[in-house]
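Chain and residue survey
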Amino acid sequence: RASMMAVRLISSAARRVRSARASGVSRALSSFDLNTSRQAKDLKPLKTKTYGSDTLHDPLWNKGIAMPREERDRLGLRGLLPPAHRSLEDQVQHCMERIRAEASPVKKNLFLQDLHDRNETLYHRVLVDHIEEVAPLVYTPTVGTACLEFGSNWRRSRGMYFSRHDRGVFSSMVYNWPHSDVHVIVVTDGSRILGLGDLGVHGMGIPIGKLALYCAAGGIAPHRVLPVTLDVGTNNSDLLKDPYYLGTKEERLEGDEYFDMLDEFMHSVFSRWPDVVVQFEDFATPKAVPLLEKYRGQYRCFNDDIQGTGCVTLAGLISAAKISGQSLADMRVLCVGAGSAGLGVCAQIVDGMVEAGLSREEAMERFVVVTSKGCLGKADGTHGDPNHARGLSADREPWVHSSIP
């Protein structure tokens, strides 16, 4: 439900971007628009760093046959493209015809990946103009299958990979990224990809898809985002045996080694881009919670599963309470699942209940959390609690409901 609410919010944002294309709200996207100089004369022109065929091979600058003759002359492209000129709008329509002709969502996703890799101007225009239809192909639910098939379908690298074997040189590696004005980094360690579990570096589809939506709906210029995967290994035995697995075929780092690698990563990216925002995405709960607590006071960062999903859900509950004439303080909550997203949602709702007048203890008593083993209840109750038998993690202990036998 939270994903559907997020798509609706994205759709609404995209409609606002479309309606204000010539205004400052969408200038970052408009700078990649063929008709920018005609639509908004106050925009600062962009200066390419490439010339001739190099421009056509750079997806950030390549616009294919959407480039008019004057632009082809300036960029040394005359003769390197077919003579025909086709507007961006016509190309968007052609792309949508191709997408709709594909039988499966995965093939639609692959078509969009190929488009992203050769023509980002057209790719993002397709997303902006058809956000409700295309967003589910770029992100959930299709991105899960795309991650499962990431290795076998891999064509071209996008983003950056920081491997356990690169430790000690992260601070120099960040300068391999060609853009100096990065605003947003979405990073995953691939340990808990959606409901699919440990996918290692094949979880890179999540940061790529999430940032594509940020560009389309949030108006962030594509050269200002950076998808990142931390290759700390994988405990997925199928991937360790997979000849097409693209990551390190070793078991995951744990303990101090893992957290030391995260320290080096955070220090390195903020050394090069001091004003960047780092979004942690799909980290397993035992890592997600301590990482957020460690870095939230040092760096500009947040965890989307713990905080982002919780904010969207809390907003939905507040709206529902207003419509029904109730208060958050009147509600009781059953949470199915005790992962980082589930407990993050609960924590956000607790904050909302406290704002509505309850004490934190009263608010916590209104929650029942259910895992695959059953409710989090008393270990010495009438029936016992199988969750205690396997051990309770520190993030789950506060959600044990004392009245559940």
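Conventions and cut-offs
Residues numbered from 1 in each chain as written. Predicted model: local features only at pLDDT ≥ 70, side-chain atom pairs only at ≥ 80, totals over all residues. Heavy atoms only, no water. Helix = DSSP H or I, 4+ residues; strand = E, 2+ residues; numbered from the N terminus. Buried < 20%, exposed > 50% of the residue type's maximum accessible area, 1.4 Å probe, protein only. Areas by Shrake-Rupley, 256 points an atom, 1.4 Å probe, with all protein chains shown as cover. Phe/Tyr/Trp six-rings, centres within 6.5 Å; stacked < 30°, edge-to-face > 60°. Pairing = 2+ DSSP bridges. Contact = heavy atoms within 4.5 Å. Axes fitted to C-alpha atoms, helices over the stretch in contact; angles between N-to-C directions. 1 Å grid on protein atoms, 1.4 Å probe; cavity = no way out; pocket = protein on both sides within 12 Å on 5 of 7 lines; lining within 4 Å. Points joined across faces, edges and corners; volume = space filled by probe spheres on them. Nonpolar A, V, L, I, M, F, W, Y, C, P; charged D, E, K, R; others polar. Salt bridge = Lys/Arg side-chain N within 4 Å of Asp/Glu carboxyl O. pLDDT = per-residue confidence, 0-100. Right-handed = clockwise from strand over helix to strand, strands pointing away. Core = buried A, V, L, I, M, F, W, Y, C linked by side-chain atoms within 4.5 Å.

Helices and strands together make up the secondary structure of the chain, namely 19 helices and 8 strands. By the burial criterion, 50% of the 405 residues in the chain qualify as buried. For the chain, the accessible area works out to roughly 19500 Å², and carbon and sulfur atoms hold 53% of it.

Before going further, it helps to spend a moment on the packing of aromatic side chains. Following the criterion strictly, the structure yields 8 aromatic pairs and no others. A centroid spacing of 5.2 Å and a plane angle of 75° characterise the contact between F162 and F265, whose relative ring orientation is edge-to-face. Of this pair, F162 sits in strand β1 (residues 160-163) while F265 sits in helix α14 (residues 255-272), and the two are 103 residues apart along the sequence. You'll find F162 and F265 in the same group, each marked buried.

So, about the sheet that holds strand β7 (residues 367-371). The 3 strands lie next to each other as β6-β7-β8, forming an open sheet whose pairing is mixed. Every other strand in the sheet has two partners, leaving β6 (333-336) and β8 (374-375) as the edge strands with one partner each. Pairing between β7 and β8: 2 bridges, direction antiparallel. Bridging from a neighbouring strand, T371 pairs with G374 of β8. Relative to the sheet, helix α17 (residues 340-355) contacts β6 and β7, its axis offset from that of β7 by approximately 180°.

Summed over all chains, the structure comprises 2 cavities of 30 Å³ or more. The wall of the largest cavity is formed by 23 residues, among which N109, Q113, F150, G205 and I208 lie closest to the centre. Elements represented by at least two residues in the lining of the largest cavity include exactly α7 (105-118), α10 (142-148) and α12 (205-218). Of the residues assigned to the lining of the largest cavity, the class counts are 11 nonpolar, 6 polar and 6 charged.

In this section: the pattern of salt bridges. With the rule as written, the count across this model stands at 20 salt bridges. Close ionic contact of K294 with D263 constitutes a salt bridge, the shortest N to O distance being 2.9 Å. With K294 in helix α15 (residues 285-295) and D263 in helix α14, this pair connects stretches of sequence that are 31 residues apart. Its salt-bridge partner being D351, residue R360 comes within 3.1 Å of it at the nearest N-O pair. Residue classification places D351 among the partly exposed positions, given a relative accessible area of 35%. One salt-bridge network, held together by shared partners, links D117, E120 and R158.

Our next topic: the confidence of the model for the chain. Confidence in the prediction of the chain, expressed as mean pLDDT, is 87, and 86% of residues score 70 or more. Every residue in residues 1-10 is under pLDDT 50, and counting partners more than four places away or in other chains gives 11 contacts. For the stretch residues 17-39, pLDDT sits under 50, and the model shows 51 contacts to residues farther than four places along the chain or on other chains.

With that settled, consider the pairing of strand β4 (residues 277-280). Pairing of strand β2 (residues 184-188) with β4 involves 4 bridges; the strand directions are parallel. The residue of β4 that forms the bridge with I185 is V278. Looking at chain direction, β4 and strand β5 (residues 301-303) are connected through 3 bridges and run parallel. Of the residues in β5, the one forming a bridge with F280 is N303. Viewed along the sheet, the connection from β4 through α15 into β5 turns out right-handed.

Residues I185, L230, F265 and V278 are the most contacted members of the largest nonpolar core, which totals 32 residues. When contributions to this core are tallied by element, the ones reaching two or more residues are β1, α11 (170-173), β2, β3 (225-231), α14, β4 and α15. In terms of residues, this core owes the most to one element, α14, which gives 7 residues. The residues contacting F265, other than those within four sequence positions of it, are F162, F170, I185, V187, V228 and L230.

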